[in-house]
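Tertiary structure, described
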Amino acid sequence: MRFQFVLGEVLSGLRRNTTMVVAVVLVTFVSLTFVGAAALLQAQIGKLKDDWYDLVEVSVFLCPQGSVSPTCATGEATDAQVDAVRQVIDTELSDEVSRVYYESKEQAFEAFSERYPDGYQGTQLTADDMQASLRLKLSDAEQFAVVSDVLSGRDGVEIVEDQRAVFEPLFRTLNVATLLAAGLAGVMLLAAVLLITTTIRLSAVSRRKETEIMRLVGASNLFIQLPFLLEGALAAVLGSLLAGGGLWLAVRFMVSDWLERSVDWVAYVSEVDVLRVAPLLVIMAVALAALSSFFTLNRYTRI
């Protein structure tokens, strides 16, 4: 009997404040869509780092002829200097470096010719213009600083470069996009809280007589407030479900069906990632409704 009464009150409140309920659903939908988009962007960044950082290497460029680096004062790196660098890698950096590959000037020129068959910016280069290097595959790509500190400044080594630097601008751009999405989500969540608060307040004011009667017959605070709480929660949860559905459709058709087929060498977020984010959106929606209801109901319906 009590459940039927509460359900009837909830449905009655939704009918009375249809416009406000629709507004709550839409604002919650938009705000939680931004929250979900920010979470998916972070997941995408994580996937890119996992894939790309496993592919990148640390390049230890050996001294060429004519270098002005202090470590190249004796000219081009000698075999003894290269062997000394290799010895350091095998002993001091054995835990950080999983593989070492020596690229001669001839091999560097071959790779250069494949990339620039007509020369670089109109200049034809030869193998003697290339620079020999040691290519290091790290066990953990985050340990570049350790490798650089050990190898930089050694005789025969001109410079130590981390290929991860190539990807940093992309990751910075994605992080900025994440922050923008999170900022917009914060503004919209505030709007959702205000709308839910207004909706519950209007519903409580319009049913003051019913509330007074329930107080007189001894109804508890929880029983009086429950219908109002459920109204806000239902509207917010519906908005969160729409947000989850919108994100799923966006990933399904824009990422999986279009982007992944166009650029297939990148690991993308999938529908599974959306399903992982969706429960968080529902929890946030319930929390929004509970927060809004707590302050409003204590003022308008408390005994």
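Conventions adopted
- Residues numbered from 1 in each chain as written.
- Predicted model: local features only at pLDDT ≥ 70, side-chain atom pairs only at ≥ 80, totals over all residues.
- Heavy atoms only, no water.
- Helix = DSSP H or I, 4+ residues; strand = E, 2+ residues; numbered from the N terminus.
- Buried < 20%, exposed > 50% of the residue type's maximum accessible area, 1.4 Å probe, protein only.
- Contact = heavy atoms within 4.5 Å.
- Areas by Shrake-Rupley, 256 points an atom, 1.4 Å probe, with all protein chains shown as cover.
- 1 Å grid on protein atoms, 1.4 Å probe; cavity = no way out; pocket = protein on both sides within 12 Å on 5 of 7 lines; lining within 4 Å.
- Points joined across faces, edges and corners; volume = space filled by probe spheres on them.
- Nonpolar A, V, L, I, M, F, W, Y, C, P; charged D, E, K, R; others polar.
- Core = buried A, V, L, I, M, F, W, Y, C linked by side-chain atoms within 4.5 Å.
- Salt bridge = Lys/Arg side-chain N within 4 Å of Asp/Glu carboxyl O.
- UniProt positions renumbered as here; feature names shortened; annotations may be inferred.
- Expected span 1.5 Å × (residues − 1).
- Patch = residues over 30% accessible without salt bridge, like charges linked within 9 Å, V, L, I, M, F, W, Y side chains within 5 Å.

With that settled, consider the overall build of the chain. Check the secondary structure of the chain and you find nine helices and four strands. Ordered by position from N to C terminus, the α and β elements of the chain give α-α-β-α-β-α-β-α-β-α-α-α-α. Counting only residues that meet the buried cut, the chain has 42% of its 303 residues in that class. Taking as baseline every contact in the chain between residues at least 6 positions apart, the subset at least 24 positions apart corresponds to 83%. For the chain, the exposed area adds up to about 17,100 Å²; of that, 62% sits on carbon and sulfur atoms.

Put simply, the largest pocket is a space of about 570 Å³. Along the wall of the largest pocket there are 13 residues; nearest its centre are Ala108, Phe112, Arg115, Tyr116 and Arg135. Among the elements that make up the lining of the largest pocket, the one with the highest residue count is helix α4 (residues 105-115) (four residues). Among the residues forming the lining of the largest pocket, the class breakdown is eight nonpolar, one polar and four charged. Considering only enclosed or pocket space, the second largest pocket measures out at about 450 Å³ in volume. What lines the second largest pocket is a set of 18 residues, among which Leu41, Gln44, Val255, Leu259 and Val269 lie closest to the centre. Broken down by secondary-structure element, the contributors of at least two residues to the lining of the second largest pocket are α2 (18-55), α6 (168-206) and α8 (221-262). At seven residues, α2 tops the list of elements feeding residues into the lining of the second largest pocket.

One finds Leu32, Val35, Leu40, Leu281 and Leu288 to be the most contacted residues of the largest nonpolar core, which totals 33 residues. Every element with two or more residues in this core is listed here: α2, α6, α8 and α9 (271-300). The leading source of residues in this core is α2, at 10 residues. What Val35 contacts, discounting residues up to four positions off in sequence, is Ala185, Leu189, Leu281 and Met284. If you look at the next biggest cluster of nonpolar residues, it comprises 16 residues, including Val58, Val88, Val97 and Val150.

Considering all chains together, one arrives at seven salt bridges under this definition. The partner of Asp273 in a salt bridge is Lys47, with the nearest N and O atoms 3.9 Å apart. You can see Asp273 sitting in helix α9 and its partner Lys47 sitting in helix α2, a full 226 residues away along the chain. Here Lys105 ties to Glu76 by a salt bridge, and the two come within 3.2 Å at their closest N and O atoms. Of the two residues, Lys105 sits in helix α4 while Glu76 sits in the loop between β1 (58-62) and α3 (79-91), which places them 29 residues apart along the sequence. When salt bridges with common partners are traced through the structure, they connect Lys47, Asp273 and Arg276 into a single cluster.

Turning our attention to the UniProt feature "transmembrane region" (unreviewed entry) in the chain. Feature annotation in UniProt assigns "transmembrane region" (unreviewed entry) to the following positions: residues 21-45, 176-202, 222-255 and 275-297. Counting secondary structure, residues 21-45 comes out at 100% helix and 0% strand; the distance between its end C-alpha atoms is 36 Å.

So, on to α3. For α3, spanning 13 residues, the distance from its first C-alpha to its last is 18 Å, which sits close to the expected 18 Å at 1.5 Å a residue. Against β1, β2 (97-103), β3 (133-138), α5 (144-151) and β4 (157-162) lie the buried residues of α3.

What follows is about a nonpolar patch on the surface. Taken together, Trp248, Leu249, Phe253, Met254, Trp258 and Leu275 make up a surface patch of nonpolar side chains, about 670 Å² in accessible area. Per-element tally for the nonpolar patch: the top contributor is α8, with five residues. By the element assignment, Trp258 lies in helix α8. Owing to a relative accessible area of 53%, Trp258 belongs among the exposed residues under this scheme.

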